[in-house]
Amino acid sequence: MKIFDIAANREADRVTVERQGITYYELMERAGTEVFQWLKRNFPDKETLFHVVCGQGNNGGDGLVVARLLYESKYRVVLDILEDAGKPTPDFTANLKRINKDGIKYNNKEIYQYTDGKLVVIDAIFGIGLSREPEGSVKEMINKINHSNAYVVSIDVPSGVFMDRKTNFAVHSDAVLTFQQPKLSFYLSDNYQYIKKVEILDIGLDRDFINTVETNYFLTDSFEVYKRYIPIDPFTHKGKQGHALIIGGSYGKIGAVCLAAKSALKSGCGLITAYLPKCGYVVIQSAFPEAMAITNGEEHITHINFDFEPKAIGIGPGMGQHPETQKAFHDFLIRYKHPLVIDADGLNILSYNKEWLELLPVNTILTPHPKELERLMGTWNDGFDKIEKMKTFCSKYHVILVAKDARTMVVYGNEVHVNTSGNAALATGGSGDTLTGIITGLLAQGYTAADAAVFGVYLHGLTADIALPQTGMQGFTASMIPDYIGKAYHEIESNHP
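Every chain begins its residue count from 1, and numbering advances along the sequence as written. At least 70 in pLDDT is required for a residue's local features to be given in this predicted model, at least 80 for side-chain atom pairs to be given and counted, and no such filter applies to totals for whole chains, interfaces and linings, which use all residues. Remark: hydrogens and water are excluded; side-chain values derive from all non-hydrogen atoms of the structure.

Focus: the UniProt feature "binding site: K(+)" (unreviewed entry) in the protein
Argument step 1. UniProt positions are given in the numbering used here, feature names are shortened, and annotations may be inferred rather than shown by experiment. Per the UniProt entry, the sites bearing "binding site: K(+)" (unreviewed entry) are N59, D123 and S159 in this numbering. Annotated residues spanning 101 residues; largest pairwise C-alpha distance 9.5 Å, indicating a single compact cluster.
Argument step 2. For N59, the location among the structural elements is in helix α3 (residues 58-72).
Argument step 3. Residue burial is assigned from relative accessible area. The probe radius is 1.4 Å, only protein chains are included, and a residue is buried under 20% of its type maximum, exposed over 50%, and partly exposed in between. For N59, a relative accessible area of 7% translates into the label buried.
Argument step 4. Any two residues whose heavy atoms approach within 4.5 Å at even a single point are treated as in contact. Ignoring any residue separated from it by four or fewer positions in sequence, one finds N59 in contact with D123, A124, I125, F126, G127, I155 and D156. Secondary structure elements follow DSSP: runs of H or I of four or more residues count as helices, runs of E of two or more count as strands, with numbering from the N terminus.

Below, the structure written as structure tokens:
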């Protein structure tokens, strides 16, 4: 799904009005109606009190439509219009006249009574066009909303959240009902406190425009990953499914290789070999009998040499940073020019020897967590700056970045793919090792590097989503991830027959 910037969102509205022969007022009615329908489905109890807070722009106009429809459906509605929140737009004014005609009171400043758990605040103060920080009475109202103990629903965007720079103060939304296309700001770590859940409402914007408009930002949902999915041929065999090699491990960190190797095989590749120090031989053969093993060095890897041609290699999990291991890694990079995934200590070694980045094969996949990413490319000011620096880094070294976070981003060239699967259960030791294995296994099966990264990240996150009802977030561990990979595949396949 494409992620639009402000210009593309506005152009989509304009093109829709022109091609469908409707007015902006009618488009506003559509948007407000979709929000109302969502509210009705989620809050059917007529004892619910809706406090609708509107600015005077088009976002406020959407809020007026919602307030009117709630009122007409016999819900309890309190309406506030903030006169300091922008100048009235023509469509806001037209909807305000309709509010007045229907006799809906607003700005009454009454103390309203409600049952605990049955207060919903509708935030319709500011939309995507906000250009300055909320202040004065508007800031006071946002503070009031944030301390109301209500369920807060924001229309299109949480008021105060900027579309193109860091947000410092905004409504804390329980649900954001955004229109047609997602917004990049929703998925940046800077804005997590303002957004708990995003629902995308279809308001019938022109489909041809959406399909043809160019963007560099995409949301990875189930439809996107299914397009990249390569089903297994019924007549295949292990030789055709690809041979993956996982290089890593050191004394006390053999588990990382076990997790990565098992995840690679579970992702669907036909054969898996682990390259690890001798201290890990008994461990890998006992814990994961399907894996073949090549050993080198006693407690850490001292050189990397093998006599077969794997379809893909994942390197770094548990590898350590011993000087001999670093030299072995350097010599390996000089010789090896095929599909490669680098994680953990492999990334740390690169961060200490940045000139080695020039040795990486084209489309090498790097899978850093935030601190590893910072060591590789330096610090950033905010989420937008981080993305620009990632794009520059990828272009300079011709690599693919899998920037792990609550909303992991896959960056290659100028494209940014924001993942939607996964939850905080993945914040556990070893989770990254399993992701390395999954992506390596996909590469071995013949996925392109870009598809392996995007599909692999989604598949990895989906395991935690499926497991959550059984394990809870606290009880989920990385060793469970391989056991849920098959179930994740099944869900992808069953949702898109």
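From this point, the narrative continues.
Considerations on the side chain of T408
Argument step 1. The topology assignment puts T408 in the loop between β14 (400-403) and β15 (409-412).
Argument step 2. With a relative accessible area of 10%, T408 lands in the buried category.
Argument step 3. In protein, a polar contact means a hydrogen-donor-capable atom and an acceptor-capable atom, both N or O and within 3.5 Å, with residues adjacent in sequence counting only if both atoms are side-chain atoms; elsewhere, any N or O pair within 3.5 Å suffices. Reaching out from T408, the side chain makes a polar contact with the backbone oxygen of D405 at a distance of 3.2 Å.
Argument step 4. Each residue touching T408, except ones within four places of it in the same chain, is listed here: V402, A403, H417, V418, N419 and V457.

Structural notes on the state of the cysteines
Argument step 1. The rule for a disulfide is simple: a pair of cysteine sulfur atoms within 2.5 Å. Summed over the entire model, instances satisfying the criterion amount to zero disulfides.
Argument step 2. The cysteine C279 is free of any disulfide, with C258 supplying the nearest cysteine sulfur at 11 Å.
Argument step 3. Residue class for C279 comes out partly exposed when judged on its relative accessible area of 28%.

Overview of the pairing of strand β16 (residues 415-419)
Argument step 1. Within β16, four of the five residues are buried, which leaves the element mostly enclosed by the surrounding structure.
Argument step 2. Two strands form a pair only when DSSP identifies at least two bridges running between them. The sheet contact formed by strand β7 (residues 217-220) and β16 spans four bridges and is parallel. Pairing of F218 across the sheet is with H417, part of β16.
Argument step 3. With four bridges joining them, β15 and β16 adopt antiparallel strand pairing. Bridging across to β16, Y412 finds its partner in E415.
Argument step 4. The turn linking β15 back onto β16 is made up of two residues, and G413 within it adopts a positive phi angle of 60 degrees.

Focus: the pattern of salt bridges
Where charged atoms from two side chains of opposite charge approach closely, those side chains can pair.
Argument step 1. Here, a salt bridge means any side-chain nitrogen of Lys or Arg that lies within 4 Å of a carboxyl oxygen of Asp or Glu. One pass over the full model with this rule turns up 21 salt bridges.
Argument step 2. A salt bridge links K197 to E199, with the nearest nitrogen and oxygen atoms 4.0 Å apart.
Argument step 3. Using a relative accessible area of 28% as the deciding quantity, one classes E199 as partly exposed.
Argument step 4. For the salt bridge of K327 with D331, the shortest nitrogen-to-oxygen distance reads 2.8 Å. Taken together, the residues K327 and D331, both in helix α10 (residues 323-335) and four residues apart, mark about one turn of the helix.
Argument step 5. Within this structure, E224, K227, R228 and D451 form a network of salt bridges that share partners.

What to know about the nonpolar core
Proteins that are soluble and globular tend to have nonpolar side chains buried together.
Argument step 1. Grouped together as the largest cluster of nonpolar side chains are 55 residues, with contacts concentrated most on I272, I365, I400, V402, V410, F455 and L459.
Argument step 2. Secondary-structure elements contributing two or more residues to this core are β8 (243-247), α8 (254-266), β9 (271-276), β14, β15, α14 (431-445), α15 (449-471) and α16 (481-495).
Argument step 3. By residue number, the principal contributor to this core is α15, which donates 13 residues.
Argument step 4. Excluding anything up to four places from it in sequence, I365 contacts L340, V341, I342, I400, V402, I439, L443, A449 and A453.
Argument step 5. In plain words, nonpolar cores are sets of buried Ala, Val, Leu, Ile, Met, Phe, Trp, Tyr and Cys residues tied together by side-chain atoms within 4.5 Å. If you look at the next biggest cluster of nonpolar residues, it comprises 53 residues, including Y194, Y217, F332 and L347.

Remarks on the packing of aromatic side chains
Argument step 1. Only Phe, Tyr and Trp rings are paired, with Trp represented by its six-membered ring, and only when their centres lie within 6.5 Å; those with planes under 30 degrees apart are stacked, over 60 edge-to-face, the remainder tilted. On inspection of all chains with the given rule, the structure shows 15 aromatic pairs.
Argument step 2. Ring plane angle 70 degrees and centroid distance 6.5 Å describe the contact between Y275 and F306, whose orientation is recorded as edge-to-face. Taken together, the positions of Y275 in strand β9 and F306 in the loop between β10 (292-295) and β11 (312-315) put the pair 31 residues apart, joining distant regions of the chain.
Argument step 3. On the accessibility criterion, Y275 (1% relative accessible area) is buried.
Argument step 4. Of the aromatic side chains, those joined through ring pairs into one cluster are W38, F43, F50, Y75 and Y151.
Argument step 5. Here, over-ring charges are defined by two tests on the NZ atom of lysine or the CZ atom of arginine: distance to the ring centre within 6 Å, and angle to the ring normal within 35 degrees. Directly above the ring of Y75 sits K46, whose terminal nitrogen or CZ lies 5.0 Å from the centroid.

So, unusual backbone geometry
Argument step 1. The phi dihedral of N149 falls on the positive side, at around 60 degrees, and the residue is not glycine.
Argument step 2. Note on placement: N149 falls in the loop between α5 (136-146) and β4 (151-155).
Argument step 3. By relative accessible area, which is 79% here, N149 ends up exposed.
Argument step 4. Of note, N363 is a non-glycine position whose phi angle comes to about 70 degrees, a positive value.
Argument step 5. With respect to the secondary-structure elements, N363 resides in the loop between α11 (345-352) and β13 (365-366).
Argument step 6. According to the relative accessible area criterion, N363 is partly exposed, its value standing at 40%.

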